[in-house]
Amino acid sequence: MNVDAASKTLWMGDLEPYMDECFVLQAFDSMGEPAQAVKMITNKVTGLPAGYCFVDFPDSAAALKAQLRLNGKIIPNSQPPHRFKLNSNNVKDTPRREFSLFVGDLSDEVDDFILFRAFVKKYPSCLTAKVVLDSRGHTKGYGFVRFSEETDQQKALIEMQHTSGIGRKPIRVSLATPKNPSTGRRENDTATAQQAHQYKAYQDYYQAYYQQYYSNYYASTTQTPAPVPTTTYTNPADDPNLLEDPELEIDIDKYNREYMAQSEEIFEMLEDSRWHPMDQWNSNVPATAR
């Protein structure tokens, strides 16, 4: 990945009023990802904390590493416990094409950084990785990896299948499946659609914070708000927010019954098409044989 094009600043949301610059710096330092500076944002009208800040790192590689390692983990000394909500502050002005893979069978210890590192060391165009978490911050056992080059995506699809060493068990790789745009889910796949919806909601959480706090910060002023960090996709199917688990539940018994029913129907048709033996000299001769 070309980290030079990325931002060395992270957006951090879901902050409580007591979480000041010192608290945030100590939190990153305690997690082994020291930051250089923190800028707390306050509401320009009320002067109260807006609930988010910007965190500067020495370079874009350090910022990306902190984002991948800490996202979703508990913030040290937070009471009640809060989780890191981090996003890149890099604003993409032009649409970009991305190519995604679904990665399943992830064990509990695999986080964004472990998953990203496993792919980026073999495929330089790997942009980021995301392990999907539940509401308690526990992994759901699958995630997504995004590439800027389709060739790397296709190579990873083959070469990383059943790869060991990423967690405690071999991983499962497949093309990430876009949701049905009309229904938001695939037919007869309610559970998978719910998982995809939760994943999209988790990703949209950052966007909601940006919209809310930038709006408050610039209230009652004529100043134009700073652009919300976002990515525009030339192909909607590339948007990771619209991806879902491609693994479907297969009803073996149902397919076996259908197969047997078709087999019996074919057998009966073959039997009916055969000539019946003429046991006597005056037996009827089938019309097709005359």
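See the structure shown above.
Quick caveat, the model's predicted, so the values are computed rather than measured. (Residues numbered from 1 in each chain as written. Predicted model: local features only at pLDDT ≥ 70, side-chain atom pairs only at ≥ 80, totals over all residues. Heavy atoms only, no water.)

1. Observations concerning the overall build of the protein chain
Alright, step 1. Secondary structure summary: the protein chain contains 6 helices and 10 strands in total.
Alright, step 2. A total of 290 residues make up the protein chain; the buried ones form 41% of that total.
Alright, step 3. Counting only carbon and sulfur atoms, one obtains 51% of the accessible surface of the protein chain, whose full area is about 16800 Å². (Helix = DSSP H or I, 4+ residues; strand = E, 2+ residues; numbered from the N terminus. Buried < 20%, exposed > 50% of the residue type's maximum accessible area, 1.4 Å probe, protein only. Areas by Shrake-Rupley, 256 points an atom, 1.4 Å probe, with all protein chains shown as cover.)

2. Here we look at the sheet that holds strand β8 (residues 172-175)
Alright, step 1. Strand order in the open sheet formed by 4 strands is β6-β7-β5-β8, with antiparallel pairing between adjacent strands. If you trace the sheet from one side to the other, it starts and ends with β6 (126-133) and β8, each paired once. For this sheet the average axis-to-axis angle between neighbouring strands, irrespective of direction, equals 25 degrees.
Alright, step 2. By the bridge criterion, 6 bridges tie strand β5 (residues 99-104) to strand β7 (residues 139-147) in an arrangement that is antiparallel. Paired with Ser-100 across the strands is Arg-146, a residue of β7.
Alright, step 3. Of the strands in this sheet, β5, β6 and β7 touch helix α3 (residues 112-120), which is tilted by about 145 degrees from β6. (Pairing = 2+ DSSP bridges. Axes fitted to C-alpha atoms, helices over the stretch in contact; angles between N-to-C directions. Contact = heavy atoms within 4.5 Å.)

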